[in-house]
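The primary structure of each chain is shown beneath.
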Protein chains: 2
Amino acid sequence: MPTIAVDAMGGDFAPEAAVEGVASVSLNTDIQCILVGNERRIQKILESVPYNPENINIVHASDVIGMAEDPHEALRRRRDASLLVACRLVEQGRAAAAISAGNTGAAVLACARHFPMIPGIRKAALASVYPRQIEYPGQDYLALVLDVGATVRCDASELVQFALMGSAYARRVSKVAAPRVGLLNMGREETKGGTVLAEAHRRLRTLSGINFVGNVEGHELATGRADVIVCEGLLGNVVLKLLEGLAEVVVDLTAAAGQRSWRWRAGLALLSSDVGRLRELTNYASYGGAPILGFEHVFIKAHGRSTGQAIANAIKVAAKAARDRVPEEIRAAIAELR
Amino acid sequence: MPTIAVDAMGGDFAPEAAVEGVASVSLNTDIQCILVGNERRIQKILESVPYNPENINIVHASDVIGMAEDPHEALRRRRDASLLVACRLVEQGRAAAAISAGNTGAAVLACARHFPMIPGIRKAALASVYPRQIEYPGQDYLALVLDVGATVRCDASELVQFALMGSAYARRVSKVAAPRVGLLNMGREETKGGTVLAEAHRRLRTLSGINFVGNVEGHELATGRADVIVCEGLLGNVVLKLLEGLAEVVVDLTAAAGQRSWRWRAGLALLSSDVGRLRELTNYASYGGAPILGFEHVFIKAHGRSTGQAIANAIKVAAKAARDRVPEEIRAAIAELR
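Draft legend 1. Layout of the overall build of chain A. For chain A, the count of helices and strands is 11 helices and 11 strands. Counting all 338 residues of chain A, 59% fall into the buried class. Across chain A, contacts joining residues at least 24 apart in sequence account for 73% of those joining residues at least 6 apart. With the model as given, the accessible surface of chain A reaches about 13100 Å², and the carbon-plus-sulfur share is 49%.

Next comes the structure, spelled out in structure tokens:
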């Protein structure tokens, strides 16, 4: 199994969540982890949890990039930040992939600085995953949407590349042989959404090696129509945050009502399995993060609110993506395109 | 009270829903309605419900535009369609406003054909309303989002005009003195979202006569941060359909589970008031429709699934918007801009 560099200092619950996640992975898998961050703090947390020392190394980093910091500014000023040190370990071949629950913009920039881009790729993409209804046999319960914020506006060529990258990732990581790829749009008709989307639709439809199911409308994001949803960053970012926001409203409603009323507590107990399906939307712990795609190395961005369990899942996803050579899969798909 | 032209034949439950809605309005208000459509069918439904004949007229229209028809094609071929006849009644001064639950694209085109555009308006906008959390005193429980599909891409000037139109409508119809206007974007910072959104942000911030609260992110759509959310049609359309789709998942889950399990039925009974808040999202009956803005006349587009109660509410909204001179309010705001 590959070695994973883990940014121990990124995320709302760092460094505890990262260290606990690594400790848990060390006991249950053969994955080697390098915890990158404040060595003394990491050591202290490790002393409080069970772990397998044979599977864990620590590399000290003296600085941290805050969640709300301006990414460009942070990368310029904090050269010894844990995120950057983790990426350098991958760059130097000491790790096969990196993960972080920290500042998303900084993670995208760190990849761009330290990882070579796959030949022919025009723009990197930040993906995200979210649970939705399953409609087809073998479908993963998580859908992949990209881009969700590495870009703002995209042209047709960039959208086609996102489709190929997302499809390659889903094939390798979700083990879906022919992931259903959809183009997020304002209507099913192929001419919808202006010239860029119409051109992307036309090219995706005629592309071999991809299972293009056509345009996907907003309401279809909640269904199993597509496994990989392609869009420009502005659209993907708004949609993703809306999904998360609505899920939090559901959780807030049930939590607040649970505190205030015995009726709600009783009702929730009766309903638990189905309310659970709604709550799953905010259960970042079970997702394991999503990739930043377009580079020669694997980087998994875990949610900022990741718990130890979420970090453990992100490490497993990163190890799977590195072991199954997702970047090579993407490189081959892009090479075929040219 | 003004006279409202009602497209009796548009919508999934036409003509029954439209006729029942008009009948109910005729008993409870002084609003005059003209039912436009197949006279015999309308008469037959009227015979089965209580209504006040003094408040209802019928104007025959021999044709209907289907929900799934291509709008351009339909307008070219169906010159006597109920939607077009209703718009002509407004054009001729026989009605003060029109409403329809039919084909949305055809409704936008019908307005463009029969209503003069307000001087200076560059593009008409289709608005929509949805319920969200309330955070400020006096806030309406419905937020207004525009554009949701009359446009695809927009420049900064068009977005600024959408802000002024939406704000004017919310002031008059929701009776909120200074509606909170937000620009849908991928981050709070004023430079986010590319040149068009940054330019729109800069202009909205310096505009007098509008309560601009800044950029609104996806998750904030579920909150009370803004009363009027401004975006280009592609983005608004995807967001609106996603909101509707998720609400339907919630309703489906509760309905399907209710059928299959006594536990769910018992749980739902206990939870009813709070599940009701989620269900409200698909309760189109209570919304009353949303305006097509930019024209000298009022047009209210009701949801395709409108029931009789929804049509009745849409008629009341149309009467209020016409009586309170929403187009004049918009004209004044746009004139000030120039």
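Draft legend 2. How the structure looks around the sheet that holds strand β10 (residues 290–293) of chain A. Residues and elements named next belong to chain A. The 11 strands lie next to each other as β3-β2-β1-β4-β11-β10-β5-β6-β9-β7-β8, forming an open sheet whose pairing is mixed. Because the sheet does not close on itself, it has two edges, and the strands there are β3 (56–60) and β8 (211–216). Across the sheet, the mean angle from the axis of one strand to that of its neighbour is 25 degrees, orientation sign disregarded. As judged from the three bridges shared by strand β1 (residues 3–7) and strand β4 (residues 97–100), these two strands associate in the parallel manner. What sits directly across from V6, in β4, is I99.

Draft legend 3. Main features of the pairing of strand β2 (residues 32–37) of chain A. All names here are of chain A. Counted residue by residue, β2 has five buried out of six residues, so it is predominantly covered. Direction of pairing for β1 relative to β2: parallel, over a ladder of five bridges. By the bridge assignment, D7 is partnered in β2 with V36. A crossover connection joins β1 to the parallel β2 through helix α1 (residues 16–28); in handedness this β-α-β unit is right-handed. Taken together, the five bridges between β2 and β3 define a ladder with parallel strand orientation.

Draft legend 4. Molecular detail of the packing of aromatic side chains. According to the stated counting rule, one finds two aromatic pairs over all chains in the structure shown. Ring centres of F115 of chain B and F295 of chain B lie 6.4 Å apart, and the angle between their planes is 75 degrees; this geometry places the pair in the edge-to-face category. Taken as a pair, F115 of chain B in the loop between α5 (104–114) and β5 (125–131) and F295 of chain B in the loop between β10 (290–293) and β11 (298–301) lie far apart in primary sequence, 180 residues in all. Take F115 of chain B: its relative accessible area is 3%, and that puts it in the buried class. Of note, R180 of chain A hangs over the ring of Y136 of chain A, and the distance from its end group to the ring centre comes to 3.9 Å.

Draft legend 5. Seen up close, the packing of helix α6 (residues 156–174) of chain B against helix α11 (residues 326–337) of chain B. All names here are of chain B. In contact at an axis separation of 9 Å, α6 and α11 are set at 140 degrees when each is read in the N-to-C sense. Here the hand of the crossing between α6 and α11 comes out right-handed. In this structure, α6 uses V160, Q161, L164, M165, A168, Y169, R171, R172 and V173 to contact α11, whose residues at the interface are V326, E329, I330, A333, I334 and L337.

Draft legend 6. Fine view of empty space enclosed by the protein. Residue and element names in this part refer to chain A. One pass over the full model with this rule turns up six cavities of 30 Å³ or more. Of the voids in this model, the second largest cavity is the one considered here, and its volume is about 70 Å³. Around the second largest cavity sit 13 residues that line it, and I292, L293, H297, V298 and V326 are the ones nearest its centre. When residues of the lining of the second largest cavity are traced back to their parent elements, those giving at least two are β10, β11 (298–301) and α11 (326–337). Residue classes in the lining of the second largest cavity are distributed as 11 nonpolar, two polar and no charged.

About the cut-offs
- Residues numbered from 1 in each chain as written.
- Chains lettered and ligands numbered in written order.
- Predicted model: local features only at pLDDT ≥ 70, side-chain atom pairs only at ≥ 80, totals over all residues.
- Heavy atoms only, no water.
- Helix = DSSP H or I, 4+ residues; strand = E, 2+ residues; numbered from the N terminus.
- Buried < 20%, exposed > 50% of the residue type's maximum accessible area, 1.4 Å probe, protein only.
- Contact = heavy atoms within 4.5 Å.
- Areas by Shrake-Rupley, 256 points an atom, 1.4 Å probe, with all protein chains shown as cover.
- Pairing = 2+ DSSP bridges.
- Axes fitted to C-alpha atoms, helices over the stretch in contact; angles between N-to-C directions.
- Right-handed = clockwise from strand over helix to strand, strands pointing away.
- Phe/Tyr/Trp six-rings, centres within 6.5 Å; stacked < 30°, edge-to-face > 60°.
- Lys NZ or Arg CZ within 6 Å of the ring centre and 35° of its normal.
- Left-handed = near helix turned anticlockwise from the far one by under 90°.
- 1 Å grid on protein atoms, 1.4 Å probe; cavity = no way out; pocket = protein on both sides within 12 Å on 5 of 7 lines; lining within 4 Å.
- Points joined across faces, edges and corners; volume = space filled by probe spheres on them.
- Nonpolar A, V, L, I, M, F, W, Y, C, P; charged D, E, K, R; others polar.

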